[in-house]
Every structure is written in structure tokens, then in C-alpha cells.
Amino acid sequence: MKEINAIDFEKEVINGGKVILDFYSTECPPCEALAPKFEAMAELYGEKVKFLKIFRQGNRELATELGVSSSPTLLFFENGKQILDTISGGIKKSEIVERLDKMVSPEEAQAIKANQKPIVSEYDVAILGGGPAGLTAGIYLGQAKIKTVLIDPALPGGYMGITHQVSNYPGFEQPQPGFMLAHYMSEQAKHTGIDFKVAVDITSVDLVKKEIVIDELETIRAKKIIIATGTTPNTMNAPGEKEYKGKGISYCATCDAKYFVDKEVTVIGGGNSAVEEALFITKFASKVTMIHQFDKLTANQTAIEQLQANEKISVMYEHEPRKFEKRGNKMVTFVEDLKTKELKELESDGVFVFIGFKSNVEVLGKHLPDMNNWGYILTDEDMKTSIPDVFAIGDIISKKYRQITTAVADGTIAAITISKEL
Ligand SMILES: Cc1cc2nc3c(=O)[nH]c(=O)nc-3n(C[C@H](O)[C@H](O)[C@H](O)COP(=O)(O)OP(=O)(O)OC[C@H]3O[C@@H](n4cnc5c(N)ncnc54)[C@H](O)[C@@H]3O)c2cc1C
């Protein structure tokens, strides 16, 4: 592996044969996450492909010329020509391997794979999930000098990292961009000395044996496991939904309703959470239009009565969203009338989707702890699950309120309990 400058580009890249080039920056958490994977890949594929690194801030002109606008970015070249897709951000080992395998012959790829040696690491505690719950547990365990690893298939931060503004996390006078809170928390956890294995593929999890395999080759064994894998909002898979998530489409009224004072809002859903959240949104918005697929709301009677008494809310029964678009500052929801099949356009200042969340338990292997009817993990007051030495914290547990503060509290409790036991 070699570090180059823009001056070396012609010699090392254009005339360099097969090349993988890493544009990195300093103070860049995804670059830090990539560095050990890039090094490990260089050891394996280094004889067939040249591994080069280039400092983006010091070589801005070349970066712009090559269309590199974020760090880290990996570019692939063969005989002076750029090949394969560029990758950037939280890059996984599997994404690099997929591309490198295309740069060598199938026989060479097979021989390289045969050369890989499995790794086994031992820890006191493995934390699955680097949202606020997992990061807080990491901070407490690191400060208690307990050998801990935090594992996440994405970069640390969880939902906090993608929340536009967080105004209810104590300690900050002004609302904080969620990514900054995520940055502060993960840097604080790193400074305690715990290991981070992020942007990795989780190959398997065995909660009973306390074994986690990542990137197919590395087995992590721990005395205790903390599950902090959070939830995933149910989505409609309608065109535009993914694109405008966090930019007009929200899944959290507590977090975002306050940005809609005297504005018009569309709410999708008709169950308990949709009705309760719609009622909450009317504290801010001037008008709420709910879109519900059935001819009746499926919430509890009290909530329905409150909704019916609220003049700001109207419901479009037997309608379903089909597509989302942005028109200037407005969101346009294309809704289908399920009876007439007519497609209507509904313009509003923002869309809230409440069609439920699902807990991320399917990633936890075949031995699952006891759960409630909705798939959320049951814990005692120390955050212990029904499996010995397995704890669960944050949004994935059975609880009433899912917020950053409550996730942080769960992480604290689990970590202090573990510190006393180890
Ligand atoms: C859009 C939105 C906005 C919000 N805004 C606010 C707000 O303003 N204020 C507030 O207090 N709360 C807010 N919330 C709620 C808050 O973000 C959550 O309650 C909190 O993030 C839960 O923390 P967590 O660590 O339990 O889970 P998460 O934040 O969901 O983190 C879970 C982590 O686990 C990782 N993971 C998933 N699968 C695996 C696996 N197999 N192995 C390892 N790791 C895995 C994920 O990549 C993720 O990093 C918001 C929620 C949403 C959806």
C-alpha cells in the first residue's frame, strides 16, 4: 500500500495497471472505519492490484476532476481507465471484495480466498448496535476498563445520526443536528478505548454461545452480549419515499412536528400510533389530512373520539399513497382512491408515516430471548433478557417511550450492571 500525491497520478494510476485508489480525509469517522479493511485487503490482493491512498484535502483539484465529493471514496482503474462503480461513505469489506474479485481472474480470486485466515477475538462484552443506547453502554464499559467491542453494520449513531435536528436531548441550549450528537457520542465512546467494528457485515450471531461472526471470517467471542439493534420503520415502498426520508417525509412526530407550526401536514396510517401522533401534530399544524387504507380507523375508541372532535383533522378513508414528489417546498402525495382507482394529488408541507415499526430481532440468530407479542425484547429492570448474560437496551426492548434519552438510560443501566458483575 502506498500514499501518493496528484503529481504521481499519471505514473502510479494512469500507467499503473490495476489500481484501487482511496481518497481519504482526516477527522473522518468513515475513513477511520475503512482504514483497517483497506489494509487487510491490500495484504490479500496486493500482488494483483495496486493499493493507493491519496489525501483528499491536499489534492482537491484532482479529487474534483475525478468527481470525488466525499470521503472516503474508492475508485478503481485498469490500464488508465476508470472501471467499476465508485464507492464512498460507510464502505463494507464485502463491497470492496466484490469489486476486487472482478479485477482478477476467478482462479486468482479463489486462491486469494483460500489464503484468508479466520480470526478469533475475545472480549468481555460485545455490543450489537451503535445507536445512542449502544454508544452509552460503550462509554460506561470503556470507562470501567472492561474489554468491549461495539459492532454495527452501519456507521455509529443509529437514528440519532440521521435526525435533522434534536432539540430535546439535555445539555444543549440550541437544537443540535443529529449527526453532531452522534459524532460527540461515538468520539466519547472511542476515547474510552473500546473497539469499534463498524460498517461490517454481520455474518451470524449466536446469543447462547455468545459468538458473533463478522465479514465471514472474524469470530468475536464475548462473556456478555448487549443487544442494541433498534427498530426499522415499516415503509410503503412507494416511489419517492426513500429519497425524501428526512427531507419532507418523517417517521417521528415527537421529533419533527414542531417544525410545522401553522402548516399543513399529511399523515399516513390509521392505527393507534397514527391517530395519537396526528392528534399531537395538531398542536402545531393548522391542518392534518390522514390517509387510511380501510373504511374505519383501527385505533382505540378513545383516540378515535378525540380525533373526531378535532376540527383540524380530516381522514381520507380507503385511500393509499402511491408516490411522493417534491414541488418547491411542498410535498406532493399521490393517493389512490381504492374504490374508484382514481389517482389524486395531495399537497402539504410535510408527510408523516405511522404504519408501525418492527424490531430488528431477525438479525440475532436462531436463539432469541423472550419477546412481547409485537417482537420487542422483554427485559428486567437491569436490562437482562431471558438468555443468561444477554442484555437488551434502547428501542428494541418492550417499553412505552422510545427516545434518545430513554435509550441512553437503558445503556447506562446495562453497563453499570455488567461492570458490577465482571
Ligand atoms: C426519524 C426519527 C427522528 C427521531 N428524532 C428524535 C428526537 O428528536 N429526539 C429523541 O429523543 N428521539 C428521536 N427519535 C427516536 C430515537 O432516535 C430513538 O429512540 C433512538 O435512536 C433509539 O436508540 P437505539 O440505540 O436503541 O437504536 P437506533 O438508534 O435505532 O440504533 C440501532 C443501531 O443498531 C444497528 N444495527 C442494526 N442491525 C444490527 C445488527 N444486526 N448488528 C449490530 N448492529 C445493528 C443500526 O445500524 C443502528 O446503528 C427519532 C426517531 C426517528 C425514527
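One can find the structure itself at the top, above this paragraph.
Residues numbered from 1 in each chain as written. Predicted model: local features only at pLDDT ≥ 70, side-chain atom pairs only at ≥ 80, totals over all residues. Heavy atoms only, no water.

K.L.:
Looking at this structure, I do not really get the overall build of the protein. What am I missing?
P.N.:
Each helix and strand counted, the protein has twelve helices and 24 strands in total. A principal-axis box enclosing the C-alpha atoms of the protein has dimensions of 70 × 55 × 45 Å. Here the protein holds 422 residues, and 48% of them are scored as buried. When contacts within the protein are restricted to residue pairs at least 6 apart in sequence, those whose partners lie at least 24 apart make up 62%. For the protein, the accessible area works out to roughly 20,800 Å², and carbon and sulfur atoms hold 50% of it. (Helix = DSSP H or I, 4+ residues; strand = E, 2+ residues; numbered from the N terminus. Buried < 20%, exposed > 50% of the residue type's maximum accessible area, 1.4 Å probe, protein only. Contact = heavy atoms within 4.5 Å. Areas by Shrake-Rupley, 256 points an atom, 1.4 Å probe, with all protein chains shown as cover.)

K.L.:
Could you clarify how one ought to interpret the pairing of strand E16 (residues 264-268) in this entry?
P.N.:
The side chains of a regular strand alternate between both faces of the sheet. Across the five residues that make up E16, a large majority, four, are buried. In this sheet, strand E17 (residues 287-291) lies alongside E16 in parallel orientation, the contact comprising five bridges. Within E17, the residue paired with Val265 across the bridge is Val288. Between the parallel pair E16 and E17, the chain is carried across by helix H10 (residues 272-281), and the sense of this crossover is right-handed. In this structure, E16 lies alongside strand E22 (residues 350-353), joined through four bridges in parallel fashion. Within E22, the residue paired with Val267 across the bridge is Phe352. (Pairing = 2+ DSSP bridges. Right-handed = clockwise from strand over helix to strand, strands pointing away.)

K.L.:
What should I look at first to understand the site of the ligand in this one?
P.N.:
Near the ligand you find 29 residues, and of these Asp152, Tyr159, Cys255, Asp395 and Ile404 are the closest. Pro132 is positioned with one of its backbone polar atoms (N or O) 3.3 Å from an oxygen atom of the ligand. Measuring from an oxygen atom of the ligand, one finds a backbone N or O atom of Ala228 at 3.5 Å. Taken by itself the ligand offers 1,000 Å² of open surface, and the protein chains cover 92% of this. Of all elements in the fold, only helix H6 (132-143), strand E7 (148-152), helix H7 (158-162), strand E8 (165-166) and helix H12 (404-421) reach the threshold of two or more residues within the shell around the ligand. (Near = heavy atom within 4 Å. Polar contact = N/O pair within 3.5 Å; in protein donor to acceptor, adjacent residues only side chain to side chain.)

K.L.:
Quick question: what am I supposed to make of the state of the cysteines here?
P.N.:
Here a disulfide denotes one covalent bond, and it connects the sulfur atoms of two cysteines. This structure, assessed with the given rule, holds one disulfide. One disulfide in the model links Cys28 with Cys31; its S-S distance is 2.1 Å. Across the S-S bond linking Cys28 and Cys31, the dihedral sits near 75°, which makes this disulfide right-handed. Residue Cys31 is classed as buried on the basis of its relative accessible area of 8%. (Disulfide = S-S within 2.5 Å.)

K.L.:
Please explain the sheet that holds strand E21 (residues 343-348) as it appears in this structure.
P.N.:
Working definition: the strands of a sheet are paired by backbone hydrogen bonds and lie parallel or antiparallel to each other. The antiparallel open sheet is built from three strands, whose spatial order is E19-E20-E21. In this open sheet, the two strands that pair with only one neighbour each are strand E19 (319-327) and E21. Neighbour to neighbour, the strand axes of the sheet diverge by 25° on average, direction disregarded. (Axes fitted to C-alpha atoms, helices over the stretch in contact; angles between N-to-C directions.)

K.L.:
Would you take a moment to explain the packing of H6 against H12 for this structure?
P.N.:
In a pair of packed helices, the angle between the axes and the distance between the axes together describe the arrangement. One way to put it is that H6 packs onto H12 with a least axis distance of 7 Å and a crossing angle of 35°. The element H6 and its partner H12 pack so that their crossing is right-handed. Contact with H6, carried on its side by Pro132, Ala133, Thr136, Ala137, Tyr140 and Leu141, involves Ile404, Ala407, Val408, Gly411, Thr412, Ala415, Ile416, Ile418 and Ser419 of H12 and no other residues of that element. The residue inventory of the contact of H6 with H12, partitioned by class, reads eleven nonpolar, four polar and no charged. (Left-handed = near helix turned anticlockwise from the far one by under 90°. Nonpolar A, V, L, I, M, F, W, Y, C, P; charged D, E, K, R; others polar.)

K.L.:
Where do I start with unusual backbone geometry in this structure?
P.N.:
Where the residue is not glycine, phi is negative for most of them; where a peptide bond is considered, it is trans in most cases. Cis geometry is adopted by the peptide bond preceding Pro72, which originates at Ser71 and carries an omega value of -5°. Among the structural elements, Pro72 can be located in the loop between helix H3 (60-65) and strand E4 (73-78). A positive phi is found at Met383, a non-glycine position, where the angle reads about 75°. Structurally, Met383 is set in the loop between strand E23 (357-359) and strand E24 (390-392). Residue Met383 is classed as buried on the basis of its relative accessible area, which comes to 7%.

K.L.:
Before we go on, may I ask you to explain the pairing of E22 in this structure?
P.N.:
Burial of the side chains of E22 extends over both faces: Gly350 and Phe352 are buried on one face and Val351 and Val353 on the other. Strand direction decides the pairing type here: strand E15 (residues 249-250) and E22, joined by two bridges, are parallel. From the neighbouring strand, Ser250 faces E22, where its bridge partner is Phe352.

K.L.:
Sorry if this is basic, but what is going on with helix H4 (residues 93-103) here?
P.N.:
An α-helical segment advances 3.6 residues per turn. Residues three or four places apart therefore align on the same side. Looking only at H4, the buried set comprises Lys93, Ile96, Val97, Arg99, Leu100 and Met103. Looking at the packing, one finds that the buried side of H4 touches strand E2 (18-24), helix H2 (29-45), strand E3 (50-55), E4, strand E5 (81-88) and helix H5 (106-115).

K.L.:
It is not clear to me how the side chain of Asp22 should be interpreted in this structure. Could you clarify?
P.N.:
As for its placement among the helices and strands, Asp22 is situated in strand E2. Polar contacts involving the side chain of Asp22 include one to the side chain of Lys53, which spans 3.2 Å.

K.L.:
Even after reading the chapter, I still don't get the nonpolar core, so can you show me in this structure?
P.N.:
A general tendency of soluble globular proteins is for nonpolar side chains to be buried together. Grouped together as the largest cluster of nonpolar side chains are 52 residues, with contacts concentrated most on Ile151, Ile212, Ile226 and Ile227. The leading source of residues in this core is H12, at six residues. Contacts of Ile212, omitting those with residues within four sequence positions, involve Ala126, Leu128, Ile151, Ile202, Ser204, Val205, Glu218, Thr219, Ile220 and Ile225. In this structure, Ala253, Ala257, Ala278 and Ala299 belong to the second largest nonpolar core, which totals 21 residues. (Core = buried A, V, L, I, M, F, W, Y, C linked by side-chain atoms within 4.5 Å.)

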